Amino acid sequence: MKKVAIVHHSAHGHTEHIARQIRAGCDEVNGVVATLLRAEELAANPAPLSDFDGIVLGSPTYLGGVSGPFKCFMDATGGMWRRQSLKGKLAAGFTVSSLPAGDKQSTLLSLFVFSMQHGMLWIGNPILPEQHLGVPYDEAANRLGSWSGLMAQADHASPADAFAPGDVKTARLFGQNFAHVLLRLSAERRGLTAVADSAEVSA
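Summarised in this report is the structure supplied together with it. Every residue gets a number counted from 1 within its own chain, in the order that chain's sequence is written. Per-residue local features are limited, in this predicted model, to residues with pLDDT of at least 70; the limit for side-chain atom pairs, both in listing and counting, is 80 or more; totals at the level of whole chains, interfaces and linings are taken over all residues. Computation of side-chain values: all heavy atoms of the structure, hydrogens and water removed.

**What about the overall build of the protein?**
Heads up, the rule is: Under the scheme used here, helices are H or I runs from DSSP no shorter than 4 residues and strands are E runs no shorter than 2 residues, and both carry numbers assigned from the N terminus. The globule rule used here is 2.2 Å times the number of residues to the 0.38 power, and the radius of gyration it is set against is calculated over C-alpha atoms. Summary of the burial criterion: residues with accessible area below 20% of their type's maximum are buried, those above 50% are exposed, and those between are partly exposed, where the area comes from a 1.4 Å probe applied to protein chains only. Residue contacts follow a heavy-atom distance rule, with two residues in contact if any of their heavy atoms lie within 4.5 Å. Using a 1.4 Å probe, the Shrake-Rupley method yields the accessible areas, and only the shown protein chains count as cover for residues.
On a plain count of helices and strands, the protein comes out with six helices and six strands. Scaling as 2.2 N^0.38, a compact globule of 203 residues should have a C-alpha radius of gyration of about 17 Å, and the protein matches this with 17 Å. Considering only C-alpha atoms, the protein reaches an extent of 65 × 40 × 25 Å along its principal axes. The burial tally for the protein puts 48% of its 203 residues in the buried class. If you take every contact in the protein between residues at least 6 apart in sequence, the share linking residues at least 24 apart comes to 77%. Here the protein has roughly 9,600 Å² of accessible surface; of this, 57% comes from carbon and sulfur atoms.

This is the structure:
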């Protein structure tokens, strides 16, 4: 069983709601189980992340970047960076803002650079915007048109689950894709290991 950590900070519940949809998508794939982890709790001890095969990072976009608590978590992983504890793990990112744009791209870039610093393998969001296929905008997957990661939008001061149906759909598909890629990567690694072992025996 492959394990996915969905590390997130959510001040008002919106980012956590999307994190839960991503977890649901991961859990729909046989052979993968996902766990929600709060960034502010991991800041005290990020070591448990070493036990996961894939890590999905999520933060609200505040003033064009990750939230303060999420940045504290990122900074707390310095020791793991020195030990390369996260090297080779699959990574992806998501963010939520109250505006359709809100400079969410810079938040995803921050999550991407963080993942690259740790030697992780980043995957984006391959979902085609469904409004191009005639699906109503609010119901369309990837309606915001983000490929570097998952973007979602919820109005300021709205209930935690007040997302357009398309954003919820996107989050579940995003989780499914992450899980499928994780399984494929794991199978390819096993194949390479088997080939290497066979070559050693032949030698």
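**Let's talk about helix α5 (residues 104-117)**
Note on helix geometry: an α-helix contains 3.6 residues per turn, so any two residues three or four positions apart are oriented the same way. The criterion, for reference: For a helix, the expected span equals 1.5 Å multiplied by the residue count minus one. The arc in question is the one traced by the directions running from the helix axis out to the C-beta atoms.
Here α5 contains 14 residues, and its C-alpha end-to-end distance of 20 Å stays within 8% of the 20 Å for a straight helix at 1.5 Å per residue. K104, T107, L108, L111, F114 and S115 are the residues of α5 that are buried. Projected onto a plane normal to the axis of α5, the buried residues spread over an arc of 120 degrees and lie on a single side. Contacts from the buried residues of α5 go to β3 (54-60), α3 (68-76), β4 (90-97), β5 (121-122) and β6 (150-153). Phi turns positive, to about 75 degrees, at G119, one or two residues after α5.

**Some thoughts on the nonpolar core**
So the rule is basically this: Within this scheme, the nonpolar core is defined by two criteria: the residues are buried Ala, Val, Leu, Ile, Met, Phe, Trp, Tyr or Cys, and they are joined through side-chain atoms within 4.5 Å.
By size, the foremost hydrophobic cluster in this structure holds 27 residues, and its most contacted members are V4, I6, I18, I22, V56 and F94. Those elements that place two or more of their residues in this core are β1 (2-8), α1 (14-27), β2 (32-38), β4, β6 and α6 (165-202). Sorting elements by how many residues they give to this core places α6 first, with seven residues. Apart from the residues within four sequence positions on either side, V56 is in contact with V4, A5, I6, V7, I22, A92, F94, F174 and F178.

**Regarding the pairing of β4**
Rules: Strand pairing is assigned whenever DSSP identifies at least 2 bridges connecting the two strands.
For β4, the buried fraction is high: eight of the eight residues fall into the buried class. Residues L90, A92, F94 and V96 point to one face of β4 and A91, G93, T95 and S97 to the other, with burial holding for every one of them. Two elements, β3 and β4, share seven bridges in a ladder whose sense is parallel. In the strand pairing of β4, P60 is matched with V96. Two elements, β4 and β5, share two bridges in a ladder whose sense is parallel. If you follow L90 over to β5, its bridge partner there is L121. Relative to β6, β4 runs parallel, the two being bridged by four bridges. Each bridged residue has a counterpart across the sheet, and for S97 the counterpart in β6 is Q153.

**Looking at the pattern of salt bridges**
Selection criterion: Criterion for a salt bridge: a side-chain nitrogen of Lys or Arg within 4 Å of a carboxyl oxygen of Asp or Glu.
Across all of its chains, the model carries seven salt bridges by this definition. Measuring nitrogen to oxygen at the nearest pair gives 3.2 Å for the salt bridge that ties E16 to R38. Here E16 is found in helix α1, whereas its partner R38 is found in strand β2, with 22 residues between them in sequence. The class of E16 is buried, set by a relative accessible area of 13%. Among the salt bridges present, the one from K169 reaches E130, with a minimum N-O distance of 2.7 Å. Linking K169 in helix α6 with E130 in the loop between β5 and β6, this pair joins segments that are 39 residues apart in sequence. Judged by relative accessible area, which is 35%, K169 ranks as partly exposed.

**Looking at unusual backbone geometry**
The residue L63 is not glycine, and still its phi comes out positive at about 50 degrees. Relative to the helices and strands, L63 resides in the loop between β3 and α3. The exposure class of L63 is exposed, given its relative accessible area of 93%. Despite not being glycine, A157 has its phi angle at roughly 65 degrees, a positive value. With respect to the secondary-structure elements, A157 resides in the loop between β6 and α6.

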